[in-house]
Amino acid sequence: MRKLIYLDNAATTQVYPEVVEAMNPYFTEYYGNPSAIYSFAAEAKKATEDARAVLAEGIHAKPEEIYFTGGGSESDNWALKATAEAYASKGKHIITTTIEHHAVLHTAAYLEQQGFEITYVPVDENGCVRLDELEAAIRSDTILISVMAANNEIGTIQPLAEIGKIAKAHNVLFHTDAVQAFGHIPLDVEAMNIDTLSASGHKLNGPKGIGLLYIRKGVKIRSFIHGGAQERNRRAGTHNVTGIVGFGTAARMAFESMEERSAYESKLRDHLIDRVLTEIPYTRLNGDRSNRLPNNASFCFRFIEGESMLILLDQNGICGSSGSACTSGSLDPSHVLLAIGLPHEIAHGSLRLTLSEKTTMEDIDFTVDRLKEIIARLRSMSPLYEDFVKKQEQK
């Protein structure tokens, strides 16, 4: 059987055996509801609060500022919608960027329908927000700036500390979607002046269906899901104890190994980028060359249709992506690639490969070798490429 080479870790990650082992007792042995007052529930409550403390410490927050959610999309929705509701009397203007995840962009579009005004600040050719344009967009009625920590498609890391400084200077709340960054790069909500932060368990070898929203103490965000008094009356619903335990365990492992893991993944990432750009002509790297997530490599291949490339990679046992997993059913090119200035015909030939600490150099070399063959095969069937080569030869 051909070895599986999984290079789509930005979409989701393997749940590590240590995480599953930590979760198991809370399915069958300590299955009490942590909100109950009897002693049997005490173990579940302790596990919930222990995980909360680990997650808080990892971003330099207080445990009471961490609220558990059903995942990153819920956290983003909560951060934007509840902030808009709570601060509408101050103003109805929100700033975000053109390359946010759809959990933010679609929520922003919803808020526009509710009478809020959204400014979508553009980014440069590497996908980095322009700080001067961001600050210039702030008005007297601006209540929130939402900028992702690192882009899920092209991996570019945003200058969070600088954005937080600008937001604080103008007395505007700052939210960051840190779903791709949490557990992968250092985050400090105090040093970066972050008021709300979204994260998700399944992006760092934890289970799906569990996330968090950090809410700085004093920020007047209201409940998003109504019902019981869980999560200090801010997020109703029986706690997903097994998910919370898994999230906390995965986060602890990620925080402890971050420096070593980042160095290893960066080495593989740079080798991958160097080989692809050197050995496959008419290829471009998407995102900043160095200021990117350690495990992210994103390319566009001219004269290639991305879906065919992914199918042929899959036939070779290689899992990749053309961009966000949330838009895999869409025929439209990535909004992120269009936002950094790529034309449609180039954006359609995109490939995102995202590594993990279990990826090997042999995996990378095998992938590049197969990718070279696939690109050559697909281009050989393209009349556009044939015409392009003829014109190049005539020069």
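Note that residues are indexed from 1 along each chain, following the sequence as it is written. Since the coordinates come from a predicted model, pLDDT governs what is reported: local features require at least 70, and pairs of side-chain atoms require 80 or more to be given and counted, while whole-chain, interface and lining totals use all residues. Note: side-chain values were computed over all heavy atoms of the structure, leaving out hydrogens and water.

## Some thoughts on the nonpolar core
For soluble globular proteins, nonpolar side chains are generally found buried alongside one another.
Inference 1: By nonpolar core we mean a set of buried residues, namely Ala, Val, Leu, Ile, Met, Phe, Trp, Tyr and Cys, connected to one another through side-chain atoms within 4.5 Å. Three exposure classes are used, based on accessible area relative to the maximum for each residue type with a 1.4 Å probe and protein chains only: buried under 20%, partly exposed in between, and exposed over 50%. Ile59, Ile145, Phe182, Leu187, Leu197, Leu212 and Tyr214 are the most contacted members of the largest nonpolar core, which has 48 residues in total.
Inference 2: Comment: elements are numbered from the N terminus, with helices defined as DSSP H or I runs of at least four residues and strands as E runs of at least two. Taken together, the elements giving at least two residues each to this core come down to helix 1 (17-23), helix 3 (42-58), strand 2 (66-69), helix 7 (160-169), strand 7 (196-200), strand 8 (211-215) and helix 9 (241-279).
Inference 3: A per-element tally of this core places helix 9 first, with six residues.
Inference 4: Contacts are assigned to residue pairs with any non-hydrogen atoms lying within 4.5 Å of each other. In this structure, isoleucine 145 is in contact with Ile95, Leu134, Ile138, Ile163, Ala167, Val172, Leu173, Phe174 and His175, ignoring residues within four places of it in sequence.

## Notes on helix 13 (residues 361-380)
Inference 1: Here the expected length of a helix is defined as 1.5 Å per residue gap, with one fewer gap than residues. The end-to-end C-alpha distance of helix 13, which contains 20 residues, comes to 29 Å, matching closely the 28 Å that a straight helix rising 1.5 Å per residue would cover.
Inference 2: Restricting attention to buried positions, one finds in helix 13 the residues Asp363, Ile364, Thr367, Val368, Arg370, Leu371, Ile374, Ile375, Leu378 and Arg379.

## Some thoughts on the pairing of strand 12 (residues 350-354)
Inference 1: For strand 12, the buried fraction is high: five of the five residues fall into the buried class.
Inference 2: Neither face of strand 12 is left uncovered, since the one carrying Ser350, Arg352 and Thr354 and the one carrying Leu351 and Leu353 both have all their residues buried.
Inference 3: In the sheet, strand 10 (residues 296-301) pairs with strand 12 via five bridges, with the strands oriented antiparallel. Considered in strand 12, the bridge of cysteine 300 is made with serine 350. Here, a strand pair is defined by DSSP locating no fewer than two bridges between the strands.

## Examining a nonpolar patch on the surface
Inference 1: Exposure above 30% relative accessible area and the lack of any salt bridge qualify a residue for a patch; like charges then connect within 9 Å, and the nonpolar side chains Val, Leu, Ile, Met, Phe, Trp and Tyr within 5 Å. Note that accessible areas follow from Shrake-Rupley with a 1.4 Å probe, and for residues the cover is restricted to the protein chains shown. Between Lys or Arg on one side and Asp or Glu on the other, a salt bridge is scored when a side-chain nitrogen of the former is within 4 Å of a carboxyl oxygen of the latter. A cluster of nonpolar side chains, contributed by Tyr31, Tyr38 and Phe40, occupies part of the molecular surface with about 360 Å² of accessible area.
Inference 2: Counting through the fold element by element, tyrosine 31 comes out in the loop between helix 2 (25-28) and helix 3.
Inference 3: We classify tyrosine 31 as exposed; its relative accessible area is 54%.

## A word on the sheet that holds strand 10
Inference 1: What the three strands build is an open sheet, ordered 9-10-12; its pairing is antiparallel. Of all the strands in the sheet, just strand 9 (283-285) and strand 12 have a single pairing partner and so form its edges. For this sheet, the mean inter-axis angle between neighbouring strands, taken without regard to orientation, is 25°.
Inference 2: Simply put, an axis is a line fit to the C-alpha atoms, just over the touching stretch for a helix, and the angle between two N-to-C directions goes from 0 to 180 degrees. Contacting strand 9, strand 10 and strand 12, helix 9 runs over the sheet at an angle of about 10° to strand 10.
Inference 3: Contacts from helix 10 (residues 306-315) reach strand 10 and strand 12, with the element oriented near 40° to strand 12.

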